[in-house]
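Residue-level listing of the chains:
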Amino acid sequence: MNAKTQFEVAQEVAPASEVALLDTGFTAFAAFRKEKDEVRRALQRLAGVCSPKIARGLERQWRALDGFEPAMTILGQVKSGKTSLINAMAGRPDLLPCDVNPWTSVVTSLHLRPGRDQSVASARFQFMSEEEWDRLLQKGGRIGEMAGRIGAEGELQKIRAQIDDMRARSRRRLGDKFETLMGQVHEYGHVEPDLIERYICLGDTYEDQDGSDQGRFADITRAADLTLNAQALPQGLCLRDTPGVNDTFMMREQVTLRAVRDSGLCVVVLSAGQALSSVDLGLIRILANLDRREVIIFVNRIDELSDPAQQIPEIEASIRETLRVHQGPEDAEILFGSAYWANAALRGEVETLSPASAASLLNWAEVRLARQQELGVTQEDSTEALLWSLSAVPALNHLLSKRCVEREGKPLLERAAAAAVAAASGVEASFGIQIQSSQDVDACEVTKGRQFEDFTQLKSHHLREFERELTEIETSFHNRADRAHAGFLDRATQALLLHLDNHGDQTQWEYDPSGLRMLLRSAYSVMNRALQNTGKLRYEAAVADVARLLHARFGTKIEGIMLGVPTCPDVPAPVSLGQTLALDFYDGWWAGWWRRTRGYSAFADKFRALIAGETEDFMQQVKFNQLEGIKQDFLTRLQGFLDEMEAILVELSDAQERDFETHLSDGETAARRAAVADALQVLRNYVA
């Protein structure tokens, strides 16, 4: 059956509901939700028959499962339809405004929670601090600082003029409240489009006399968090809408890089009519620092192509070539779709498609419907369901949910199950200790005095040694990064002097900083391997020492205890390496600086100081800001394991001291053992 006939048949069927549409694509989340619920029930049942200390540890595990919210950051070209795509993914076609120019430095985090309960809706808006605002006003943001170092007075004047305009506009909007709002938070128990526009959408114009409240707080808002229920969603997730990576003051770049760093996945939205080129260097620099498993490229607006079947393969080839040239993830997953089609399907407005879009849809459907099974549509499906499938939003949802489960969900389940199995097997062992200790009271007295002292020493030793090892890795990385930085400065300075000797100061000189990024990325990769290897060895050593201590104190009575080795945390990608540097600009406004400088010997020192100052923040981000959180994650895993082992030790020690006759006659003992056995049977299925 050809595409045209398919549409004619589908139009005779009643439109599918929004929930039915959104339900397609989240099968991985649905399966994970069932597993999560099963593990949670086992944890709760086990907690009900354990000592309070073990129960508190188990409760932390199921709270972590409940709080699991995978986050993905959405990046995009200007006018790529990024916000429209996010609306479609959330099943809210009119949620985030798409018809205004959202000039703002805001990352909008959309927290989607499963269920129908409307009471979960809330909005939270964080304003800039006085320090952030002062940096913008006094120095002009990153661009102003860069221009100041270079001495580009013309650029500084432009920046100051824009800042003055921003300041006047903000005061006109906010009046006397302007200064007092700095650093504050506004919170609401609802989410409405006009509320969102008030805080994050500046728009092209703002006139007080028209009565509009749009963009009132947009200049000073630095972050927005919106929480909504999502009836069709099996698992909560967070979609982070970013305003972009390039703007006059480079405010957006900083918040965007932080958002990518804090997310497990990144969706890059491109426009089918714009593809990917050297114009998108900001996006490309971020992509170059991500693994193929961390990024999905969604080419939007295929509804605007005249011949999608012919043009899409050409666009894909062009994108992959650009990624190859710029050392990006050229084998990244690329999807082609249309947020416009997706939102039309959600609204049930298929008949409102423009003639050009409808023609494009039929053209693309001819290709896609040849693989109906892959699309997941049948002849009986509604027009909306078919349009929804062709939009590629369900395919995007499928990829995202699958990767979220694989990268974050499954490891979380395994960690919770491993901790619970150790606790449950410890409780099970305590039953045997309880029986045997009634026959050997002296054994209890022999071990009672020293077992906690020994464990405290063991715990302190491993935490202290692990922190020392992590600090050594950090120092090694710092040294390697500093050597790369110093070498880059030497090479750049020498290259400029050679250029001046050969060509004089009347021709433009360029020097690509990608070499520095590559060296730092290599240093970061070496550090990552060291962290993983050292972490694994330290975790294994801690488990072995705990096992020896337990065996020394309780002997063969506790041979059934199953101690799992903690897994090392994933080290996030070094996305801060994507930060723009002065050398990334190949236009005349900064390059003219060296033409105004006379005397090559003095010039070399001045140039070196310029690039050192320009890369100072860059190096700070790479060396310190990101690494501190990584170290803490590794230490927290070890601390958590040792805390769990301490709780098991308490359980075993208490069992040694119990009166055998009292507990043997206790009618709850059999039920307690049965609950532990049942929990173990479930939890073992989730331990790697």
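These notes cover the structure that comes with them. Predicted, not measured: the structure shown is a model, and the values here were computed from it.

**Quick look at the overall build of the chain**
Here comes step 1: Helix and strand counts for the chain stand at 25 helices and nine strands.
Here comes step 2: Counting only residues that meet the buried cut, the chain has 53% of its 688 residues in that class.
Here comes step 3: Contacts spanning at least 24 positions in sequence make up 84% of the contacts within the chain whose residues lie at least 6 apart.
Here comes step 4: Surface summary for the chain: the accessible area is close to 30100 Å², and the carbon and sulfur share equals 49%.

**Some words on the sheet that holds strand E7 (residues 265-271)**
Here comes step 1: The mixed open sheet is built from nine strands, whose spatial order is E4-E3-E5-E2-E6-E1-E7-E8-E9. Single-partner strands in this sheet number two, and they are strand E4 (185-188) and strand E9 (333-336). Strand-to-strand twist across the sheet, computed as the mean angle between neighbouring axes with direction ignored, equals 20°.
Here comes step 2: Relative to strand E5 (residues 221-230), strand E3 (residues 122-127) is paired through six bridges, and the arrangement is antiparallel. Looking at the pairing, Ala123 lines up with Leu226 of E5.
Here comes step 3: Contacts between helix H9 (residues 193-200) and the sheet are confined to strand E2 (107-114), E3, E4 and E5, with E3 contributing the most and set at about 10° to the helix.

**Some words on empty space enclosed by the protein**
Here comes step 1: Using the criterion set out here, one finds two cavities of 30 Å³ or more in the structure.
Here comes step 2: Within this model, the largest cavity holds a volume of roughly 60 Å³.
Here comes step 3: Its residues assigned to classes, the lining of the largest cavity comprises eight nonpolar, one polar and no charged.
Here comes step 4: Around the second largest cavity, the lining residues are Phe26, Phe29, Met72, Met89, Leu112, Leu237, Leu239, Asn397, Leu400 and Ser401.
Here comes step 5: Listing elements by their share of the lining of the second largest cavity, those giving two or more residues are strand E6 (237-241) and helix H17 (393-437).

**Let's talk about the side chain of Lys631**
Here comes step 1: Looking at the element boundaries, Lys631 is found in helix H23 (residues 616-657).
Here comes step 2: The buried category is assigned to Lys631, whose relative accessible area is 10%.
Here comes step 3: Reaching out from Lys631, the side chain makes a polar contact with the side chain of Glu474 at a distance of 3.2 Å.
Here comes step 4: What Lys631 contacts, discounting residues up to four positions off in sequence, is Leu470, Thr471 and Glu474.

**Focus: the packing of aromatic side chains**
Here comes step 1: On inspection of all chains with the given rule, the structure shows 10 aromatic pairs.
Here comes step 2: Their ring planes at 5° and their centres at 4.0 Å tell us that Phe125 and Tyr199 sit as a pair that is stacked. Here the residue Phe125 occupies a position in strand E3, and Tyr199 occupies one in helix H9, the gap between them amounting to 74 residues. Across the pair, Tyr199 and Phe125 agree in class, each one buried.
Here comes step 3: Every member of this aromatic cluster is reached through a ring pair, and the members are Phe125, Phe127, Tyr188, Tyr199 and Phe217.

**Let's talk about the nonpolar core**
Here comes step 1: Counting residues in hydrophobic clusters, the biggest one holds 190 residues, and the most contacted among them are Leu46, Ile297 and Leu550.
Here comes step 2: By residue number, the principal contributor to this core is H17, which donates 18 residues.
Here comes step 3: Aside from chain neighbours lying at most four places away, what touches Ile297 is Val268, Leu270, Ile319, Leu323, Ala332, Glu333, Ile334 and Leu335.

**Observations concerning the packing of helix H12 (residues 308-325) against helix H14 (residues 355-368)**
Here comes step 1: Running from N to C, H12 and H14 point in directions that differ by 70°, and their axes come no closer than 8 Å. As summarised for this structure, H12 and H14 are arranged roughly perpendicular, according to the angle between their axes. Facing H12, whose interface residues are Pro308, Ala309 and Ile312, H14 presents Ser360, Asn363, Trp364 and Val367.
Here comes step 2: Looking at the contact of H12 with H14, its residues break down into five nonpolar, two polar and no charged.

**Examining helix H5 (residues 82-90)**
Here comes step 1: H5 sits mainly inside the fold: eight of its nine residues count as buried.
Here comes step 2: For H5, every residue scored as buried is listed here: Lys82, Thr83, Leu85, Ile86, Asn87, Ala88, Met89 and Ala90.
Here comes step 3: Gly91 sits one or two positions beyond H5 and adopts a positive phi of about 75°.

**Some points on the environment of Gly564**
Here comes step 1: Mapping Gly564 onto the fold places it in the loop between helix H20 (514-554) and helix H21 (588-595).
Here comes step 2: The class for Gly564 is partly exposed, based on a relative accessible area of 30%.
Here comes step 3: Taking the C-alpha atoms as reference, Gly564 lies 10.0 Å from Ala420; in sequence the two are 144 residues apart.
Here comes step 4: Apart from residues lying up to four places away in sequence, Gly564 is in contact with Val543 and Phe641.

**Concerning unusual backbone geometry**
Here comes step 1: Even without being a glycine, Gln327 presents a positive backbone phi close to 60°.
Here comes step 2: Positionally, Gln327 belongs in the loop between H12 and E9.
Here comes step 3: The phi dihedral of Ala392 is positive, around 75°, even though this residue is not glycine.
Here comes step 4: Note on placement: Ala392 falls in the loop between helix H16 (383-390) and H17.

**So, the pattern of salt bridges**
Here comes step 1: Considering all chains together, one arrives at 28 salt bridges under this definition.
Here comes step 2: Among the salt bridges present, the one from Arg40 reaches Asp66, with a minimum N-O distance of 2.6 Å. Of this pair, Arg40 sits in helix H3 (residues 27-47) while Asp66 sits in helix H4 (residues 52-66); the two residues are 26 residues apart in sequence, bridging distant segments of the chain.
Here comes step 3: Residue Lys53 pairs with Glu646 through a salt bridge whose shortest N-O separation is 4.0 Å. Of this pair, Lys53 sits in helix H4 while Glu646 sits in helix H23, placing them 593 residues apart in sequence.
Here comes step 4: Residue Lys53 is classed as partly exposed on the basis of its relative accessible area, which comes to 31%.
Here comes step 5: Taken together, the shared-partner salt bridges connect Lys53, Lys459, Asp643 and Glu646 into one network.

Reading the values: the criteria
- Residues numbered from 1 in each chain as written.
- Predicted model: local features only at pLDDT ≥ 70, side-chain atom pairs only at ≥ 80, totals over all residues.
- Heavy atoms only, no water.
- Helix = DSSP H or I, 4+ residues; strand = E, 2+ residues; numbered from the N terminus.
- Buried < 20%, exposed > 50% of the residue type's maximum accessible area, 1.4 Å probe, protein only.
- Contact = heavy atoms within 4.5 Å.
- Areas by Shrake-Rupley, 256 points an atom, 1.4 Å probe, with all protein chains shown as cover.
- Pairing = 2+ DSSP bridges.
- Axes fitted to C-alpha atoms, helices over the stretch in contact; angles between N-to-C directions.
- 1 Å grid on protein atoms, 1.4 Å probe; cavity = no way out; pocket = protein on both sides within 12 Å on 5 of 7 lines; lining within 4 Å.
- Points joined across faces, edges and corners; volume = space filled by probe spheres on them.
- Nonpolar A, V, L, I, M, F, W, Y, C, P; charged D, E, K, R; others polar.
- Polar contact = N/O pair within 3.5 Å; in protein donor to acceptor, adjacent residues only side chain to side chain.
- Phe/Tyr/Trp six-rings, centres within 6.5 Å; stacked < 30°, edge-to-face > 60°.
- Core = buried A, V, L, I, M, F, W, Y, C linked by side-chain atoms within 4.5 Å.
- Parallel < 35°, antiparallel > 145°, perpendicular 65-115°, else oblique.
- Salt bridge = Lys/Arg side-chain N within 4 Å of Asp/Glu carboxyl O.

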